[in-house]
Amino acid sequence: MGVDYYNILRVNRNATEEDLKKSYKRLAMKWHPDKNPVNKKEAEAKFKQVSEAYDVLSDPQKRQIYDLYGEEGLKSAELSSPSAFRDDGGVGSRAYRFNPRNADDIFAEFFGGSEKRVNGDGGVGCQGSKKAAPVETKLVCSLEELYKGGRKKMRISRIVPDEFGKPKTVDEILKIDIKPGWKKGTKITFPEKGNQEPGVTPADLIFVIDEKHHPIFKRDGNDLVVNQKISLLEALTGITLSLTTLDGRTLTIPVVDIVKPGHEVMIPNEGMPISKEPSKKGHLKIKFDIIFPSRLTVEQKSDLKRALGRADK
């Protein structure tokens, strides 16, 4: 007989139309290629077999020919309307050929016509249905991660229908590639990764970048800001600063000018990467906080008067 369509659909030869529908729904959901990204080729073949079996057995005319003549008889037969048989016992005038491209059409029609479609995880969505509101969640990143980039893995749990259409909870790992220079508020969207509910297209899952506090650096757009405390003596006589950058380098910064209140040193190209122009960076700004002594002795005051008095002349 060739291909055993009854065995493919896991039904007996006396299966009713309802039996065929139940079995097709279960197997089509199980083997839909979008639900099997790892074994996609095998899933495509199985999905086409299930679709072909349902296409034949759900059509009384095709099923009648298949039951009498088998697969070869069916595919060499000529189907006509209303009967595939001529009065002389032969067959009519239109040859039946199953086109594998019909598999998606059968699936769509089975779940309610051309307005239906399969979601990326094998669930059934509705193009014309209402879509659930987006679900936003914070994705907290360190300043180092936003400087260097990297990958984060987020585990999510959501409700999806199983192969019988009943709700079940599944866990999934989503991979997010952090690009150097991303800012707080950047959004990463995973379409339709929310819970699946009947008649509602699943919500988009949106991760919103949030920036973790850093003990040394503060971000200002594409620039990095460091508030550096120095003594009055250092402000007057100079200082050499040593800073460890977000990617682990050591910057040696000599400050030779007198540091006045509000003074700022800017180092070009040592700020945050610019995400849209990866080869460029912002600036590193060093702002000084001058710590004045709480008291001076008479001798110290006298020394300062002599030193500063000479400096003013």
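The structure we're discussing is the one just above.
Residues numbered from 1 in each chain as written. Predicted model: local features only at pLDDT ≥ 70, side-chain atom pairs only at ≥ 80, totals over all residues. Heavy atoms only, no water.

A. Fine view of the overall build of the chain. Along the backbone of the chain there are eight helices and 17 strands. Looking at the chain as a whole, 39% of its 313 residues are labelled buried. When contacts within the chain are restricted to residue pairs at least 6 apart in sequence, long-range pairs at least 24 apart make up 53% of them. For the chain, the computed accessible surface area is about 19200 Å², with 50% contributed by carbon and sulfur atoms. (Helix = DSSP H or I, 4+ residues; strand = E, 2+ residues; numbered from the N terminus. Buried < 20%, exposed > 50% of the residue type's maximum accessible area, 1.4 Å probe, protein only. Contact = heavy atoms within 4.5 Å. Areas by Shrake-Rupley, 256 points an atom, 1.4 Å probe, with all protein chains shown as cover.)

B. Just a nonpolar patch on the surface, in detail. Together, Leu-296, Leu-304 and Leu-308 give the surface a local cluster of nonpolar side chains, amounting to about 220 Å² of exposed area. Note on placement: Leu-296 falls in the loop between β17 (284-291) and α8 (298-312). Note on Leu-296: relative accessible area 34%, which makes it partly exposed. (Patch = residues over 30% accessible without salt bridge, like charges linked within 9 Å, V, L, I, M, F, W, Y side chains within 5 Å. Salt bridge = Lys/Arg side-chain N within 4 Å of Asp/Glu carboxyl O.)

C. The environment of Lys-152, seen in detail. Mapped onto the fold, Lys-152 is located in strand β5 (residues 150-161). C-alpha of Lys-152 to C-alpha of Ile-178: the two residues are 26 residues apart in sequence and 7.3 Å apart in space. In contact with Lys-152, other than residues within four places in its own chain, are Leu-139, Val-140, Cys-141, Glu-145, Leu-174, Lys-175 and Ile-176. There is a polar contact of 3.4 Å between the side chain of Lys-152 and the side chain of Glu-145. (Polar contact = N/O pair within 3.5 Å; in protein donor to acceptor, adjacent residues only side chain to side chain.)

D. Inspection of helix α2 (residues 17-31) at higher detail. A rise of 1.5 Å per residue sets the reference length of α2, with its 15 residues, at 21 Å; its end C-alpha atoms lie 21 Å apart and thus fit the reference within 8%. Every buried residue of α2 is listed here: Leu-20, Ser-23, Tyr-24, Arg-26, Leu-27, Ala-28, Met-29 and Trp-31. (Expected span 1.5 Å × (residues − 1).)

E. Structural detail: the environment of Phe-47. Tracing the backbone through its elements, the reader meets Phe-47 in helix α3 (residues 40-57). Once the C-alpha coordinates of Phe-47 and His-32 are considered, the two residues, 15 residues apart in sequence, prove to be 5.7 Å apart.

F. Structural detail: the sheet that holds strand β10 (residues 217-220). The sheet built from four strands is open, its strands ordered β10-β11-β17-β14 with mixed pairing. Strands at the two margins of the open sheet, each flanked by one partner only, are β10 and β14 (264-267). Between one strand axis and the next, the sheet turns by 30° as a mean value, whatever way the strands run. (Pairing = 2+ DSSP bridges. Axes fitted to C-alpha atoms, helices over the stretch in contact; angles between N-to-C directions.)

G. Region of the structure containing the sheet that holds strand β4 (residues 135-141). The three strands are arranged β4-β9-β7 in an open sheet whose pairing can be described as mixed. Sheet topology places β4 and β7 (187-190) at the edges, where each strand pairs with a single neighbour. Across the sheet, the mean angle from the axis of one strand to that of its neighbour is 25°, orientation sign disregarded.

H. Main features of the packing of aromatic side chains. Inspection of every chain in the model, using the stated rule, returns four aromatic pairs. Between Tyr-5 and Tyr-66 the ring centres are 4.8 Å apart and the planes differ by 45°, which places this aromatic pair in the tilted class. Of the two residues, Tyr-5 sits in helix α1 (residues 5-8) while Tyr-66 sits in helix α4 (residues 60-76), which places them 61 residues apart along the sequence. The same class applies to Tyr-5 and to Tyr-66, which are both buried. Centre to centre, the rings of Phe-190 and Phe-207 are 5.9 Å apart; their planes meet at 90°, and the pair counts as edge-to-face. Taken together, the residues span a long stretch of sequence, with Phe-190 in strand β7 and Phe-207 in strand β9 (residues 205-211) at a distance of 17 residues. (Phe/Tyr/Trp six-rings, centres within 6.5 Å; stacked < 30°, edge-to-face > 60°.)

I. Local environment of unusual backbone geometry. Located in the positive-phi region is Arg-10, a residue other than glycine, with phi close to 60°. Inspection of the secondary structure puts Arg-10 in the loop between α1 and α2. By relative accessible area, Arg-10 is classed as exposed at 57%. Positive phi, normally seen in glycine, also occurs at Glu-192, with a value near 55°. Residue classification places Glu-192 among the buried positions, given a relative accessible area of 15%.

J. Spotlight on empty space enclosed by the protein. Applying the stated rule across the entire model yields one cavity of 30 Å³ or more. The volume enclosed by the largest cavity comes to roughly 50 Å³. For the largest cavity, the full set of lining residues is Tyr-147, Phe-217, Leu-224, Thr-245, Leu-246, Arg-249, Leu-251, Glu-270 and Leu-284. Residue classes in the lining of the largest cavity are distributed as six nonpolar, one polar and two charged. (1 Å grid on protein atoms, 1.4 Å probe; cavity = no way out; pocket = protein on both sides within 12 Å on 5 of 7 lines; lining within 4 Å. Points joined across faces, edges and corners; volume = space filled by probe spheres on them. Nonpolar A, V, L, I, M, F, W, Y, C, P; charged D, E, K, R; others polar.)

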